[in-house]
Amino acid sequence: MNFGGTVHLNRMGVCVVFVCFLIVALYMIRDVEDSETKKLPTINVRQVLIAAIELAQKGGEQVVKARKQADLVVHSKGKTKEGANNPVTEADYNSHCVMYFGLKKAFPSLQIISEEELLESKCGQLSSPKLTMQPDSEPGLDSLVDEELPVRDLAVWIDPLDATQEFTENLLDYVTTMVCVAHKGRPLMGVIHKPFGDPPHTTWAWLHHGMSPDLISYKSAGGETAVIVSRSHSGSIVETVHRALGSDVPIIKAGGAGYKVLQVVGGNASAYVHTTAIKKWDLCAGDAILSAVGGTMTTITNEEISYAGTSDPVNTNGVLATADKHQTYAVKFHKALEKDLHL
């Protein structure tokens, strides 16, 4: 026996050694990442959801209160690219004060992005809403369990009054208040509150965890029924829809992105289509709710929409939201828009 000889490894032996080394290295990296994650500041996202629902409702109360005033003052932020007026009212600001500062004071470390910007000093007592934080305030909330997530991975998007134009025209069924919690850029929780419902109604979802009872009974429209589009930012959308899906497809014109997503969720439309720029606070809550019931929301070019706190708040590539058969719709709109978008 030659104990002093050279050890020779064949190719198989080298591969085995390399794979073993790689596995050990990956486990070490994972342990380091897990250790670092455990050290990060976390937040109870179940509590965030409970607060978001309560504050969307309280913001809605301010919207209703403002609408009842005889002298509703409407200002303009300017014009959209389509030439439509972009109004703002006292209701927008009052709801913002309640929703934004209510969440900020309850969860100071959370990054919160709101459609409106107003100093707390301009809000008065509205910036200090009293939160009950009761888990039985809405059906289904009491069955949820606490979950901690790193606060750095979260971003909250608020729309204090969606469908302001319709609000000024007294078309109140379109009006909603919305809150969305995004995790690592993807929608995790969505809240859409309809303050003018009879009675007021809140739809909410926490992806893979729970949802409001109205979503549990959700059924898709099935097939190509009506397509819902914006009444105030429609542009050439009707022509585009007919080019993609055929001239016999019915088109519903409506206000408010939140309202339009709920129509898709409720089976009254098979798709919500928007071909121009739209803000992410208009989309995030609906995206979360639609995802929770098995639907899909992307840009009109079938790309994921990022809701990271560092991302541009403007989604420039339109919207395609469907209950099902999303890829079929995406292909049809790709063909219809390839010349316009130089695809």
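Okay, so let's go over this structure. (Residues numbered from 1 in each chain as written. Predicted model: local features only at pLDDT ≥ 70, side-chain atom pairs only at ≥ 80, totals over all residues. Heavy atoms only, no water.)

### Here's the deal with the side chain of Lys260
Thinking step 1. Tracing the chain through its elements places Lys260 in helix α7 (residues 257–265).
Thinking step 2. Buried and unpaired, Lys260 has no salt bridge, with Asp162 as the nearest side chain of opposite charge at 6.6 Å.
Thinking step 3. Excluding anything up to four places from it in sequence, Lys260 contacts Ile228, Val229, Ser230, Ala254, Gly255 and Tyr272. (Helix = DSSP H or I, 4+ residues; strand = E, 2+ residues; numbered from the N terminus. Buried < 20%, exposed > 50% of the residue type's maximum accessible area, 1.4 Å probe, protein only. Lys, Arg positive; Asp, Glu negative; His and termini not counted. Salt bridge = Lys/Arg side-chain N within 4 Å of Asp/Glu carboxyl O. Contact = heavy atoms within 4.5 Å.)

### Quick look at the state of the cysteines
Thinking step 1. A full pass over the atoms with the stated rule returns two disulfides.
Thinking step 2. Put simply, Cys97 and Cys123 are joined by a disulfide, and their sulfur atoms are 2.0 Å apart. Torsion about the S-S bond of the Cys97 and Cys123 cystine: about -75 degrees, corresponding to left-handed handedness. Within this pair, whereas Cys97 is found in helix α3 (residues 90–106), its partner Cys123 is found in the loop between β4 (112–114) and β5 (148–150), the two being separated by 26 residues in sequence.
Thinking step 3. Residue pairing for Cys180: its cysteine sulfur links by disulfide to Cys284, the two sulfurs lying 2.0 Å apart. One disulfide, between Cys180 and Cys284, carries an S-S torsion of -40 degrees and so falls in the left-handed class. Of this pair, Cys180 sits in strand β7 (residues 176–183) while Cys284 is found in helix α8 (residues 284–292), placing the two residues 104 residues apart along the sequence.
Thinking step 4. Cys180 gets classed as buried once you look at its relative accessible area, which sits at 1%. (Disulfide = S-S within 2.5 Å.)

### Some remarks on the sheet that holds strand β17 (residues 319–322)
Thinking step 1. Ordered by their spatial adjacency, five strands build an open sheet running β12-β11-β13-β17-β15, and the pairing between neighbours is mixed. Both outer strands of the open sheet, β12 (251–254) and β15 (296–298), are each paired with one neighbouring strand and no more. Within the sheet, the average angular offset between the axes of one strand and its neighbour, ignoring direction, is 20 degrees.
Thinking step 2. Pairing analysis gives four bridges linking strand β11 (residues 227–230) to β12, with the strands arranged parallel. Of the residues in β12, the one forming a bridge with Val229 is Lys253.
Thinking step 3. Relative to the sheet, α8 contacts β15 and β17, its axis offset from that of β15 by approximately 145 degrees. (Pairing = 2+ DSSP bridges. Axes fitted to C-alpha atoms, helices over the stretch in contact; angles between N-to-C directions.)

### Things to note about helix α2 (residues 45–67)
Thinking step 1. Here α2 is 23 residues long and its end C-alpha atoms lie 33 Å apart, about the 33 Å a rise of 1.5 Å per residue gives.
Thinking step 2. For α2, the N-terminal capping position is held by Asn44, with its side-chain oxygen 3.0 Å away from the main-chain nitrogen of Arg46. (Expected span 1.5 Å × (residues − 1). Polar contact = N/O pair within 3.5 Å; in protein donor to acceptor, adjacent residues only side chain to side chain.)

### Let's talk about the packing of aromatic side chains
By convention here, two paired aromatic rings are described through the distance between centres and the angle between planes.
Thinking step 1. Enumeration according to the criterion identifies four aromatic pairs in this entry.
Thinking step 2. Ring geometry for Tyr100 against Phe101: centres 4.9 Å apart, planes inclined by 85 degrees, an arrangement best described as edge-to-face.
Thinking step 3. On the basis of relative accessible area, Phe101 is assigned to the buried category, the value being 9%.
Thinking step 4. The interplanar angle of 40 degrees and the centroid separation of 6.4 Å between the aromatic rings of Phe167 and Phe196 together place this pair among those described as tilted. Of this pair, Phe167 sits in helix α4 (residues 164–168) while Phe196 sits in the loop between β8 (186–194) and β9 (201–206), placing them 29 residues apart in sequence.
Thinking step 5. Residue classification places Phe167 among the buried residues on the basis of a relative accessible area of 0%.
Thinking step 6. Judged by relative accessible area, which is 23%, Phe196 ranks as partly exposed. (Phe/Tyr/Trp six-rings, centres within 6.5 Å; stacked < 30°, edge-to-face > 60°.)

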